[in-house]
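Structural features, examined
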Amino acid sequence: MRLSLFYTITIIFLSVNQSDSLTSYFHCKYNECCDEPWIINNITNLSLSLKEHVFGQHLVQSSVPKLIRAHLDNPLPQKPLVLSFHGSTGTGKSWVSRIISENLYLQGWRSKFVKHIHVPHFFRDTLRTRETAEQLHHKILSSLETCKQTLFIFDDIHTMDPKILDELVMYLNYPPPLDDIIFTKAIYLLLSNAGAPKINDYVTEQFVNDRERISLTSNEMHQIISDDIYREKGAFQETDFVRRQVIDAAIPFLPLERCHVEMCVKRAIRERGRKPTQSVVNEVLRDVKFAP
């Protein structure tokens, strides 16, 4: 009798587990879930996409895929991957963020695991710092509870209130697990104009001195960015970002030359099914000023 009862309980237990597994299988077959095939992590194609669709940014093309691959290949990272993108508007920071999302998630930019936060809009009420910080906490915690490999993109982060930015630091710098939420598999992209004037001035100086753009190295540009952005009045200067070293890599986006902008225009024209003649390109760039 006892043996029969044991078998009955075992069969019920297995049936329930099998039923849960089948439910999960069919749910994730038609709904985006935080697993294959919805999480693709195609770093090989990421590298190819950056080379094919991003122009004039050899430092981005060489560094970003390596950094993301190293993070994803680590089964137990100690902290989330935090990359800060620095450069003027129009140099490709948002475009590169989109390409990254397209190669990490099957749904790409539309994935529910991609959280694009435009800082001036999300944190527009500067008088309600405490409430805004709580919104940020809720957004991060709820996102990571759904998927540990969430991609957070903070656009114009240099405009964020330093007090709120300090609230973000706690998630970026070796955060411990909380209620079974894993923080360390996430990726944070911090898009900023901070450091752009120094980047532009340095690249222009090298151009005037007939130095080839491709010879610019990550080490020398990193020094320029670090010397500038953490001294520049704004969010980074007044927070724990420097002291706690939460940023894994600061990626410079160099100012574009006319040839790079022409390639961008031609790509956009081709994507619309038209042939990009030079006369059309010249018309598009007629009012664009290039320096020096």
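Below or above, wherever it landed, is the structure these notes cover. (Residues numbered from 1 in each chain as written. Predicted model: local features only at pLDDT ≥ 70, side-chain atom pairs only at ≥ 80, totals over all residues. Heavy atoms only, no water.)

1. Side note on the pairing of strand 4 (residues 187-192)
Most of strand 4 is tucked away: six of the six residues are buried. Bridge count for strand 1 (residues 81-86) against strand 4 is six bridges, and the pairing is parallel. By the bridge assignment for strand 4, S84 is matched with L190. Bridge analysis of strand 3 (residues 151-155) against strand 4 gives four bridges, and the strand direction is parallel. Pairing of L151 across the sheet is with I187, part of strand 4. The β-α-β motif built from strand 3, the intervening helix 7 (residues 162-172) and the parallel element strand 4 has right-handed crossover chirality. (Buried < 20%, exposed > 50% of the residue type's maximum accessible area, 1.4 Å probe, protein only. Helix = DSSP H or I, 4+ residues; strand = E, 2+ residues; numbered from the N terminus. Pairing = 2+ DSSP bridges. Right-handed = clockwise from strand over helix to strand, strands pointing away.)

2. Considering helix 2 (residues 43-53)
Listed in full, the buried residues belonging to helix 2 are I43, L46, S47, S49 and L50. Each buried residue of helix 2 lies within a common arc of 165 degrees when the element is viewed along its axis, so the set occupies one face. Along helix 2, exposed side chains directed more than 90 degrees from the buried face belong to K51 and E52. Lining the buried residues of helix 2 we find helix 3 (58-73) and helix 4 (93-104). (Arc of directions from axis to C-beta. Contact = heavy atoms within 4.5 Å.)

3. A word on the pattern of salt bridges
Close approach of charged atoms allows side chains with opposite charge to pair. Tallied over the full model, the rule gives nine salt bridges. Of the charged contacts in the structure, one is a salt bridge between R130 and E167, with a shortest N-O distance of 3.7 Å. With R130 in helix 6 (residues 129-146) and E167 in helix 7, this pair connects stretches of sequence that are 37 residues apart. The partner of R213 in a salt bridge is E257, with the nearest N and O atoms 3.5 Å apart. Placement of the pair is R213 in the loop between helix 8 (196-208) and helix 9 (218-229) and E257 in the loop between strand 5 (249-252) and helix 10 (258-271), with a sequence separation of 44 residues. Several salt bridges share partner residues, and in doing so they unite R130, E134 and E167 into one network. (Salt bridge = Lys/Arg side-chain N within 4 Å of Asp/Glu carboxyl O.)

4. Observations regarding the packing of helix 8 against helix 9
Following both chains from N to C, one finds helix 8 and helix 9 inclined at 140 degrees, their axes separated by 9 Å at the closest point. Classified by the angle between their axes, helix 8 and helix 9 sit oblique to one another. Viewed along their axes, helix 8 and helix 9 form a crossing whose handedness is right-handed. Across the interface between the two elements, K198, I199, Y202 and V203 of helix 8 pack against E220, M221, I224, I225 and D228 of helix 9. When the residues that make up the contact of helix 8 with helix 9 are grouped by side-chain class, the tally is six nonpolar, no polar and three charged. (Axes fitted to C-alpha atoms, helices over the stretch in contact; angles between N-to-C directions. Parallel < 35°, antiparallel > 145°, perpendicular 65-115°, else oblique. Left-handed = near helix turned anticlockwise from the far one by under 90°. Nonpolar A, V, L, I, M, F, W, Y, C, P; charged D, E, K, R; others polar.)

5. Focus: the environment of E52
Summarising the element assignment, E52 is placed in helix 2. The exposed category is assigned to E52, whose relative accessible area is 54%. Distance from E52 to R267, taken between C-alpha atoms, is 9.9 Å for residues 215 residues apart in sequence.

Keep in mind these numbers describe shape, not what the thing actually does.
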